[in-house]
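Take a look at the letters that make up each chain.
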Amino acid sequence: MSSDQPTPERREIPERREITVRRAPKYVPFLILGGLVGFAAAAVIAYALPGDASYDRGAVYGFFMVPCAAAGVILGAVGALVLDRASVRRARRGVVEAVPEAELSAEGTAPATEPGTAPGTEPGTAPERTTDDGEPGQRS
């Protein structure tokens, strides 16, 4: 009679991993915004500035739309890269611990706790805080 279930004498040690948490920008919105700014710049060039009367303003707008939109997309990408680099410098490190399968309920979710409590703590008590290096203590 063998089973794969852990016995009370044989408890598995939870797996601990060190992770990096940071806020990275999404590149696509920056590229789209840069392209829209490029379209607006082409409209300013074609309709707000004085030009040659032999050229239709719509043709001038179409001519300037492509290079201005391309330049806007490139500037949007550079802006996203700069913000991404800044987010790498502000990244924080943390330690996470896997929940053993024995503690999972039948539905495959973690056991229910009261709001504001961490799993494994008594209701009404605050979870232990850890510093950024994973040691117990005050956070700065």
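Going along each chain's sequence as written, the residues are numbered from 1 onward. Residues qualify for local features only when their pLDDT is at least 70, as the model is predicted, and side-chain atom pairs are given and counted only at 80 or more; totals for whole chains, interfaces and linings, by contrast, use all residues. Hydrogens and waters are ignored; side-chain quantities use all the structure's heavy atoms.

**Student:** Looking at this structure, how should I read the packing of aromatic side chains?
**Tutor:** Aromatic ring pairs are reported here in terms of the distance separating the ring centres and the angle at which the planes meet. For this analysis, a ring pair means two rings from Phe, Tyr or Trp (six-membered ring only for Trp) whose centres lie within 6.5 Å, classed as stacked if their planes differ by under 30 degrees, edge-to-face if by over 60, and tilted for the remaining angles. As enumerated under the stated definition, the model contains 2 aromatic pairs in all. Relative to tyrosine 61, the ring of tyrosine 47 lies with its centre 6.1 Å away and its plane at 35°, an arrangement referred to as tilted. Here tyrosine 47, found in helix H1 (residues 27-48), pairs with tyrosine 61, found in helix H2 (residues 57-89); they are 14 residues apart in sequence, far enough to count as distant. Three labels apply to residues, based on accessible area from a 1.4 Å probe with only protein chains included: buried if under 20% of the type maximum, exposed if over 50%, partly exposed otherwise in between. Its relative accessible area of 47% is what places tyrosine 47 among the partly exposed residues. Aromatic pair phenylalanine 63 and phenylalanine 64: ring centres 5.3 Å apart, planes at 85°, arrangement edge-to-face. Its relative accessible area of 28% is what places phenylalanine 64 among the partly exposed residues. Working definition: helices are DSSP H or I runs of at least four residues, strands are E runs of at least two. Numbering for both runs from the N terminus.

**Student:** Even after reading the chapter, I still don't get a positive patch on the surface, so can you show me in this structure?
**Tutor:** Exposure above 30% relative accessible area and no salt bridge define the residues that can form patches, which grow by joining like charges within 9 Å and nonpolar side chains of Val, Leu, Ile, Met, Phe, Trp and Tyr within 5 Å. For accessible areas, the Shrake-Rupley method is used with a probe of radius 1.4 Å. Any residue's cover is judged against the shown protein chains and nothing else. The term salt bridge refers to a pairing of a side-chain nitrogen on Lys or Arg with a carboxyl oxygen on Asp or Glu at a separation within 4 Å. When charges are counted, Lys and Arg contribute as positive and Asp and Glu as negative, whereas His and the chain ends are disregarded. To locate a charge, the coordinates of NZ of Lys, CZ of Arg, CG of Asp or CD of Glu are taken. Taken together, the side chains of Arg23, Arg85, Arg89 and Arg90 make up a positively charged region of the molecular surface. Position of arginine 90 among the secondary structure elements: in the loop between H2 and strand E2 (92-97).

**Student:** Which parts of the structure should I look at to understand the packing of H1 against H2?
**Tutor:** A pair of packed helices is captured by two measures, namely the crossing angle of their axes and the spacing between those axes. Lines fitted to C-alpha atoms define the axes here, with helix axes fitted over just the stretch in contact, and angles between the N-to-C directions of these axes take values from 0 to 180 degrees. Axis separation between H1 and H2 bottoms out at 6 Å; the angle between their running directions is 145°. In the packing of H1 onto H2, the handedness of the crossing is right-handed. By convention the crossing between two helices is left-handed if the near helix lies anticlockwise of the far one by an angle smaller than a right angle, and right-handed if it lies clockwise.

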